[in-house]
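Chain by chain, the residues:
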Amino acid sequence: MTLIAQISDTHIRLPGQLIEGKVDTFAYLSTCIARINALPQPPSLLVASGDLADSGSTDEYRRIKSALDRLTMPYCVMPGNHDLRAPMREIFGATPALPASESGHLQYAIDLPELRILCLDTLDEGKEGGWLCIDRLDWLHDELAASSKPALIFLHHPPFDCGIPGMDAVKLGNPDALAGVLAEHDHVIGLSCGHVHRSVFTQWAGLPACICPSPAHQIHLDTNNDAPLSWTLEAGGFLLHRIENGVLTTHVVNGPAPVATKYD
Ligand SMILES: [Fe+2]
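Residues numbered from 1 in each chain as written. Predicted model: local features only at pLDDT ≥ 70, side-chain atom pairs only at ≥ 80, totals over all residues. Heavy atoms only, no water.

Novice: Even after reading the chapter, I still don't get the overall build of the protein, so can you show me in this structure?
Specialist: Secondary structure assignment for the protein yields six helices and 13 strands. For the protein, the C-alpha radius of gyration of 17 Å lies close to 18 Å, the compact-globule estimate for 264 residues. Across its three principal directions, the C-alpha atoms of the protein cover 50 × 45 × 40 Å. Counting across all 264 residues of the protein, residues that qualify as buried make up 53%. (Helix = DSSP H or I, 4+ residues; strand = E, 2+ residues; numbered from the N terminus. Rg over C-alpha atoms; globule rule 2.2 N^0.38 Å. Buried < 20%, exposed > 50% of the residue type's maximum accessible area, 1.4 Å probe, protein only.)

Here is the structure:
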């Protein structure tokens, strides 16, 4: 059995710079990290699935690294649309958090005893929506062909609609291309994304697929066609993926840590 923790959309800024003047994303991340470190059974790995920084400055990555380095388990980082590759590489590139990749993209595989983690780089710098170019799709195909071990895929931009129109407009721009690669392999056990700042579960390309909430601000759940995007401070959190015998089970862990009381 393997546990993988996932955080997403931490949007770290410099001290004193609050989102909308009120959301201290660093404080939310710190609480989340303390809660992950206190899990009764430690995850083997934590995946931070993009929008680590809010503006993509080197100093923001330095700040988020200072928080992530408090984790008691290994972690890895991936880019989202708020991130920039060069400063991410500058801060994380010489560490195990960002394994080297041959292309200029920040995507890589991590081998664990019973599964492979494949982290995709869907960043299309300067755009809110995501994209997987032919180089990144070919890399995924080659990695899936290289091992028949169960594979769990992480990508920032969901390839599926979640029903919130403003977010669906900026999802992965070429989901059919990704589905085409996955159709050639039968050992992918699921996909998990970020970007939407909400917990969402669906089935896509015949696979379980989900979206990780932000530890801080969430996107308001409004599925009306003309709904403008807005934020809420309903409880955020993280995901805990449990993989056993190639089967993925995902838990949502929201809000501040409650006190666990023994059930009599
Ligand atoms: Fe985000």
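Novice: Is there a simple way to explain the side chain of N174 in this structure?
Specialist: Tracing the sequence through the fold places N174 in the loop between α5 (165-168) and α6 (175-182). Apart from residues lying up to four places away in sequence, N174 is in contact with W131, L132 and L137. (Contact = heavy atoms within 4.5 Å.)

Novice: Sorry if this is basic, but what is going on with the coordination of the iron ion here?
Specialist: Around a metal, the ideal angle is 109.5 degrees if four donors adopt a tetrahedral arrangement and 90 or 180 degrees if six donors adopt an octahedral arrangement. Around the iron ion, the donor atoms from the protein are D9 (OD), H11 (NE2), D51 (OD) and H197 (NE2), and they sit 2.1 to 2.3 Å away. Here the iron ion is ringed by four donor atoms whose angles at the metal span 88 to 177 degrees, and the overall shape comes out irregular. Of note, the iron ion draws all its donor residues from one chain, in the sequence arrangement D-x1-H-x39-D-x145-H. We note that D9, like H11, is buried. (Donors = N, O, S within 2.8 Å, 3.2 Å for Na, K, Ca; no water. Tetrahedral: all angles 85-135°; square planar, octahedral: opposite > 155°, others 65-115°.)

Novice: Mind showing me how you'd approach unusual backbone geometry here?
Specialist: A negative phi holds for most residues other than glycine; trans holds for most peptide bonds. A positive phi angle, close to 55 degrees, is found at D51, a residue other than glycine. Looking at the element boundaries, D51 is found in the loop between β2 (45-49) and α2 (58-68). We classify D51 as buried; its relative accessible area is 2%. For A205, which is not a glycine, the phi torsion comes out positive at approximately 55 degrees. For A205, a relative accessible area of 43% gives the class partly exposed.

Novice: Could you clarify how one ought to interpret the nonpolar core in this entry?
Specialist: Note that soluble globular proteins tend to have their nonpolar side chains buried in a common cluster. In terms of nonpolar packing, the biggest core is built from 47 residues, with I36, V77, F92 and I117 touching the most fellow members. With five residues, helix α1 (residues 25-37) is the single largest residue contributor to this core. Sequence-distant contacts of V77, defined by excluding residues within four places in its chain, comprise A48, L52, L68, M88, F92, A97, L98 and Y108. In this structure, I153, I164, V188 and A209 belong to the second largest nonpolar core, which totals 27 residues. (Core = buried A, V, L, I, M, F, W, Y, C linked by side-chain atoms within 4.5 Å.)

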